[in-house]
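Here's the letter readout for the chains.
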Amino acid sequence: MTSAPRPLRLDKTSSGALRLFVLDQTRLPYEVHWLPLDSLDAVAGAIRRMQVRGAPLIGVVAAYGVALALSRNARDAGLARAVSELAGTRPTAVNLQWALARMQQRLIPLPPERRLEAAWREADAIAEADAAQNRAIGQHGLTLLQAHARERSNQKDRPLQIMTHCNAGWLATVEQGTALAPLYAAHAEGMALQVWVSETRPRNQGLLTAWELSEAGIPYTVVADNAAGFLMAEGQVDVVITGADRVAANGDVANKIGTCLKALAARHWAIPFYVAAPGSTLDFQCADGRAIPIEARDGDELRLVDGLDAANCPQRLRQISQTEPVANPAFDITPAELVTALITERGIAPASWEGLSRLYPELRHESA
Ligand code: MRU
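In this text the structure is predicted, and so the values were computed from the model without any measurement. (Residues numbered from 1 in each chain as written. Predicted model: local features only at pLDDT ≥ 70, side-chain atom pairs only at ≥ 80, totals over all residues. Heavy atoms only, no water.)

Trainee: Explain helix α6 (residues 181-188) here, please?
Mentor: Helical periodicity: at 3.6 residues per turn, an α-helix aligns residues three or four positions apart in one direction. Counted residue by residue, α6 has 6 buried out of 8 residues, so it is predominantly covered. The set of residues buried in α6 consists of Ala181, Pro182, Leu183, Tyr184, Ala185 and Ala186. Positioned one or two residues after α6, Gly190 has a phi angle of 90°, which is positive. (Buried < 20%, exposed > 50% of the residue type's maximum accessible area, 1.4 Å probe, protein only. Helix = DSSP H or I, 4+ residues; strand = E, 2+ residues; numbered from the N terminus.)

Structural data, given as structure tokens:
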């Protein structure tokens, strides 16, 4: 049995030091390039530049970033600097803050000489837990997909048509992904699928999803973000599944910009809209979506487009002049009432405080 693909791995240098390698997501889908990360600054820079992206993966890589930082300075000041540097890299995905808090909780009580080994172990534990959670999300999501496939048993001749947004697959996590985990599970069960992959402007993370699905042999079609409403109206979407960067205590969901428009269209056409996310994406300290910080990214992400030239070499082209005013909010909030249900590693939950706190009773005390 081949092992599930992962976007990160650890290696030892000739001097015996551990070094992290990540798949550089700014070079995909055009080139597969493993980027070595051997310091705090390298990790923070890779997260900022989105060479590493996706809420769960950002958290895991930041945890390894703490370990790399401690290999140079394991005293309190070294730990504090690492946490503050990494925490400032991406504001919306709460998995980052969650992983850093977990590292601090484990490391602060230890004397400096015991911290480095404990940091590597804790980062490994966070990574393995993420992989296990995604497998569980896949199985819970699979039961939903099977139920939807049964509902349309009068149309057995066509595959279940699923729309997703951004990339919430294995590239964005340690293994399997969140929104894509149920698709991988369904494909493994032999269910016929057709996936609508929305491009996800401005950074086109949909192309990462297309790459993943093509590697897995799952049929898909890339569409412009604006095609979603039309396809839903035409009856060509049975289910929408997205990931999340943060879920507030009331079930409001922050996810890649454009998610809310899909949820609105899905509601109009009575199409189920699911959000798949692990417990590390829940933030009970945010009472609702208004408390979630929305990252504003560089306008060059709109002004410039990446692709291949006629000789198949990666190139960047300018489509908007440098002086043109642009705005680039990276995430939006989908109100809980538009979310049919959340798919978590602990099961399916209504997108509400009651639904979430039933599955995650330990978070109740964190409510704002
Ligand atoms: O800006 P990105 O590419 O890091 O945003 C990623 C998303 O919005 C994903 O949908 C989300 O992180 C879930 S990933 C499993």
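Trainee: For this particular structure, what's the right way to read the site of the ligand?
Mentor: Contacts to the ligand come from 18 residues, most closely from Arg53, Arg90, Asp245, Asn255 and Lys256. When isolated, the ligand has an accessible area of 420 Å², and the protein chains bury 100% of it. Among the cavities detected, the one that contains the ligand is the largest cavity. Mapped onto the shell around the ligand, the elements with two or more residues apiece are α2 (55-70) and β9 (253-256). (Near = heavy atom within 4 Å. Areas by Shrake-Rupley, 256 points an atom, 1.4 Å probe, with all protein chains shown as cover. 1 Å grid on protein atoms, 1.4 Å probe; cavity = no way out; pocket = protein on both sides within 12 Å on 5 of 7 lines; lining within 4 Å. Sits in = over half its atoms within 2 Å of the grid points.)

Trainee: Got a minute to help me understand the side chain of Thr200 in this structure?
Mentor: Mapped onto the elements, Thr200 comes out in the loop between β5 (193-198) and α7 (206-216). Note on Thr200: relative accessible area 0%, which makes it buried. For Thr200, the side chain forms a polar contact with the main-chain nitrogen of Cys166, separated by 2.8 Å. Apart from the residues within four sequence positions on either side, Thr200 is in contact with His165, Cys166, Gln205, Gly206, Asp225 and Lys256. (Polar contact = N/O pair within 3.5 Å; in protein donor to acceptor, adjacent residues only side chain to side chain. Contact = heavy atoms within 4.5 Å.)

Trainee: Help me understand the packing of aromatic side chains, please; the structure alone is not making it clear to me.
Mentor: The relation between two aromatic rings is expressed through the spacing of the ring centres and the mutual angle of the planes. Tallied over the entire structure, the rule returns 3 aromatic pairs. Taking the centre distance of 5.8 Å and the plane angle of 50° together, the rings of Trp170 and Trp211 count as tilted. On the criterion of sequence distance, the pair formed by Trp170 in the loop between β4 (160-164) and α6 and Trp211 in helix α7 is long-range, its members being 41 residues apart. Stacked on the ring of Phe21, the Lys or Arg Arg9 has its end atom at 4.7 Å from the ring centre. A cation over a ring is seen here: Arg9 above Trp34, with NZ or CZ 4.6 Å from the ring centre. (Phe/Tyr/Trp six-rings, centres within 6.5 Å; stacked < 30°, edge-to-face > 60°. Lys NZ or Arg CZ within 6 Å of the ring centre and 35° of its normal.)

Trainee: I tried to follow helix α4 (residues 94-107) on my own but got confused; where do I start?
Mentor: For α4, spanning 14 residues, the distance from its first C-alpha to its last is 20 Å, which sits close to the expected 20 Å at 1.5 Å a residue. For α4, every residue scored as buried is listed here: Val94, Asn95, Leu96, Ala99, Leu100, Met103 and Leu107. Along its buried surface, α4 packs onto α2, α3 (76-87), α5 (112-151), β8 (246-248) and β11 (282-283). (Expected span 1.5 Å × (residues − 1).)

Trainee: Sorry, what's going on with the packing of α2 against α5 here?
Mentor: The description of two packed helices rests on the angle between their axes and on the distance between the axes. Packing of α2 against α5 brings their axes to within 8 Å, and their N-to-C directions diverge by 170°. Relative to α5, the element α2 lies roughly antiparallel. Facing Pro56, Val60, Ala63, Tyr64, Ala67, Leu68 and Leu70 of α2, the residues of α5 in contact are Arg115, Leu116, Ala119, Trp120, Ala123, Asp124, Ile126, Ala127 and Asp130. Its residues assigned to classes, the contact of α2 with α5 shows 13 nonpolar, no polar and 3 charged. (Axes fitted to C-alpha atoms, helices over the stretch in contact; angles between N-to-C directions. Parallel < 35°, antiparallel > 145°, perpendicular 65-115°, else oblique. Nonpolar A, V, L, I, M, F, W, Y, C, P; charged D, E, K, R; others polar.)

Trainee: What should I look at first to understand the pattern of salt bridges in this one?
Mentor: Think of it this way: side chains of opposite charge can pair up when their charged atoms draw near. This model, assessed by the stated rule, comprises 22 salt bridges. Measuring nitrogen to oxygen at the nearest pair gives 3.7 Å for the salt bridge that ties Asp238 to Arg152. With Asp238 in the loop between α8 (228-233) and β7 (239-242) and Arg152 in the loop between α5 and β4, the pair connects residues that are 86 residues apart, well separated along the chain. Note on accessibility: Asp238 and Arg152 belong to one class, buried. Put simply, Arg90, Arg203, Glu295, Arg297 and Glu301 are held in one network by salt bridges that share partners. (Salt bridge = Lys/Arg side-chain N within 4 Å of Asp/Glu carboxyl O.)

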